[in-house]
Each structure stands twice: as C-alpha cells, then as structure tokens.
Amino acid sequence: VEALSPRPAPSRSVETPAQRTGLRPVEVTPPALRPSVTTTHRWLRVAVGEDSYAVELLRVQEVGRTVPIVAMRGAAPSVLGAMNLRGRIVPVFDLGLWLGTERVTPDERARIVVVERDNELIGALVSAVDDVVTLGPDRIEPPLMASPSRAIVGVARVVAKPTVLLDANALFG
C-alpha cells in the first residue's frame, strides 16, 4: 500500500499592477535642502502682492526706489527694461510676472532690489521690502517636489504666512 502524500496545490501567479504595465515601483523621497540653506543666513524679505519672498542678503547689492526704466523691445514679458545704476546698465525684471503671479504696481512702496547673479547685477521690481530675517536650517522646509523652478530653495515660516526663499543665481535665468 502506497502512502498518499498531500499534493501541493497548483501555484497560481497573481499579476501585480507593476507587472501588467511593465513599470517598476519607485521610492520617492522628499527633496533635501540645497547646500545654500543648510547654514544660518540673513535673508531680505520682500512682498509681491500679498505673497512673501526672500533673497539671501549677501546677494543684495542695493535697494532703491523705482527709477526711469528704458523698455527693451523683443524682451520677455517679465523684463521691464534696463536702468542706469551709477554708470552700469542693469536689466530690471518684474518679479511678480517672472514668478507667474501678478504684475507689480510701481507705487510709493515698490522698490527695485538689485541682486548679484553670476557676477552681474539684475534688478527685481517688488511691491515692498519687508525686513531682514535670520534663518537657520531648522526654520526652513525643502521646496515642494512639484516646484518647476530651480530658483526656489526652500520655504520658511517667518510670520503667519510662509516665505518662499529664492536663489539669486537662478533668478531670471
């Protein structure tokens, strides 16, 4: 008499969605802070409409009232033109238009913030200059993963509203 051994159940392979589509799962990790915000820095906070942005203070060369700007034909819509800054021709951008928000209205509070980008000066028209804040990496969150701009280096909560931190080297590029 033969002993009957239990027969293994037929194996059925279950197809996963990744196998059906041919896609492999990818592990998504949140973005890390850029090296430029891993130490404590001072930032110049500016307003564009109701929104708050900041540029590293070491990159800011000058903050001034609005001055006559010569229009440049054929330039991008965010380029207002060029201004003369003590003999140097400086292109001036509307920071609101460049960021895709709203046009900055050149009123009494509006200022042109001149920043150094790759050894050249560039002006940014902003609605107002708020203050200077000191931020360490513990107060800065990484930018959103969906952020298309390399200019955004992080987001800080300085007051009730978040402040978007901008990299002067990536602005208007």
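Along each chain, the written sequence defines residue order, and numbers are assigned to residues from 1. Residues qualify for local features only when their pLDDT is at least 70, as the model is predicted, and side-chain atom pairs are given and counted only at 80 or more; totals for whole chains, interfaces and linings, by contrast, use all residues. Only hydrogens and water are removed before side-chain values are computed, so all heavy atoms of the structure are retained for them.

Caption draft 1: Examining the nonpolar core more closely. For the purposes of this section, nonpolar cores are sets of buried Ala, Val, Leu, Ile, Met, Phe, Trp, Tyr and Cys residues that join through side-chain atoms within 4.5 Å. For every residue, the accessible area obtained with a 1.4 Å probe (protein chains only) is divided by the maximum for its type, and the residue is called buried under 20%, exposed over 50%, and partly exposed between those limits. Counting 30 residues, the largest nonpolar core has Val46, Met83, Leu95, Val113 and Phe172 as its most contacted members. Put simply, the parts of the chain that give this core at least two residues each are β1 (41-48), β2 (51-56), β4 (79-85), β5 (88-94), β6 (111-117) and β7 (120-126). A run of H or I in DSSP becomes a helix once it reaches four residues, and a run of E becomes a strand once it reaches two; helices and strands are each numbered from the N terminus. By residue number, the principal contributor to this core is β7, which donates 5 residues. Of all hydrophobic cores here, the second largest spans 9 residues; its members include Leu135, Val153, Ala156 and Val158.

Caption draft 2: Just the sheet that holds β4, in detail. If DSSP finds at least two bridges between two strands, the strands pair. If you trace the 5 strands from one edge of the open sheet to the other, you get β3-β6-β7-β5-β4, paired in mixed fashion. Every interior strand has two partners, whereas the edge strands, β3 (60-65) and β4, have only one. Strand-to-strand, the axes of this sheet are offset by a mean angle of 30 degrees, without reference to chain direction. As paired strands, β4 and β5 are joined by 6 bridges and run antiparallel to one another. Residue pairing across strands places Gly81 opposite Val92, the latter belonging to β5. Each axis is a line fitted through C-alpha atoms, and for a helix only the stretch in contact is used; angles between axes span 0 to 180 degrees, taken between their N-to-C directions.

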